[in-house]
Structures are given as structure tokens and as C-alpha cells.
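Chain residues, written in single-letter form:
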Amino acid sequence: MLKSMIALTGACALFLIAPSEANAGEKRGRITSVHLGQQHAEKVFVKIEGAYTQPEPACSLGVSSWDFVLNVSSPTGKAIYTQLIAAQYSQTPLLVAGTGDCFLHGGYETLQHIIIDT
């Protein structure tokens, strides 16, 4: 019984997550700008060179100032921020993917993960 509940829970979780990831924006390139300021505590805004390789979500279409926003209040967010700064400093290309939503800050897609592109 417990195994079937776990399997069912896992299947439901995949169902709930999959639609948002299917619409997630994705960019490959170098970081051109990073913004962290007092007026947006715990949020880092990121601009990546180039065009989207996966469609940009509707909530951020037409916004050109920033591509993604990252919540740095968690340990994971802080670790990603550290990697973003290192990649910007070294001009290392990244693959940056969003969540497909703009819940963290309206108009900018929430950053989900990065992959160092060497």
C-alpha cells in the first residue's frame, strides 16, 4: 500500500511540475549584467546575451531589461548567485533556465537553474 501511495504521489508531482517546465524560458550565453539592490531585497536580476533557445514565458514577453530573477534568500539561491558572479567575471558561457513563471517578481521569469557551459 505504501509503495503504491509513493508511486502515485510521485506521478502527481510530475504532473504538476511538467506544464510549467514545458513553458520555461532558456538562454545560452554569457552574463552581460547582474543587479542586486536594496530596493529588491533578496532578488538578483540577470541579463544573458543572445536570444532564447526555449520560448520565453508569456509573463515576461516584451520586457528587455532583465531575463531572469533569482531568489537569494535560500542556501541554493546563494549558491547559484555565487556561480553567476564567477561565470560573469570569467565570461564563461552558461545555460540559464527559468521556471516558466514570473511569481517572484512580475515581468521577469524566475530562474530555476544554471549549467556551466564549458
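Definitions and cut-offs
Residues numbered from 1 in each chain as written. Predicted model: local features only at pLDDT ≥ 70, side-chain atom pairs only at ≥ 80, totals over all residues. Heavy atoms only, no water. Helix = DSSP H or I, 4+ residues; strand = E, 2+ residues; numbered from the N terminus. Buried < 20%, exposed > 50% of the residue type's maximum accessible area, 1.4 Å probe, protein only. Contact = heavy atoms within 4.5 Å. Areas by Shrake-Rupley, 256 points an atom, 1.4 Å probe, with all protein chains shown as cover. Salt bridge = Lys/Arg side-chain N within 4 Å of Asp/Glu carboxyl O. Polar contact = N/O pair within 3.5 Å; in protein donor to acceptor, adjacent residues only side chain to side chain. Pairing = 2+ DSSP bridges. Axes fitted to C-alpha atoms, helices over the stretch in contact; angles between N-to-C directions.

1. Considering the overall build of the protein chain
Looking only at helices and strands, the protein chain features 2 helices and 7 strands. Going from N to C terminus, the protein chain has its helices and strands arranged as α-β-β-β-β-β-α-β-β. Of all 118 residues assigned to the protein chain, the portion counted as buried reaches 34%. Restricting to contacts in the protein chain with at least 6 residues of sequence separation, those with at least 24 account for 60%. Accessible area for the protein chain stands at about 7,000 Å²; split by element, carbon and sulfur atoms hold 62% of it.

2. Describing the pattern of salt bridges
Per the stated rule, a full pass over the model turns up 3 salt bridges. Residues Arg30 and Glu49 are paired through a salt bridge, measuring 3.9 Å at the closest nitrogen-oxygen approach. Of this pair, Arg30 sits in the loop between strand E1 (26-29) and strand E2 (31-36) while Glu49 sits in the loop between strand E3 (43-48) and strand E4 (52-54), and the two are 19 residues apart along the sequence. Classification of Arg30 as partly exposed rests on a relative accessible area of 31%.

3. Details of the side chain of His105
Among the structural elements, His105 can be located in the loop between strand E6 (94-98) and strand E7 (109-116). Among the polar contacts made by the side chain of His105, one reaches the side chain of Lys43 at a distance of 3.4 Å. Apart from residues lying up to four places away in sequence, His105 is in contact with His40, Lys43, Phe45 and Val69.

4. Thoughts on the sheet that holds E4
Pairing within the open sheet is mixed, and its 7 strands lie in the order E2-E3-E5-E7-E6-E1-E4. Taken across any chain shown, the strands that pair with only one partner, and hence form the sheet edges, are E2 and E4. On average, each strand axis in the sheet is inclined to that of its neighbour by 35°, with strand direction left out of account. For E1 and E4, the ladder comprises 2 bridges, and the chain directions are antiparallel. Of the residues in E4, the one forming a bridge with Glu26 is Gln54. Strand contacts of helix H2 (residues 75-90): E2, E3, strand E5 (68-71), E6 and E7, with the helix running at about 135° to E2, the strand carrying the most contacts.

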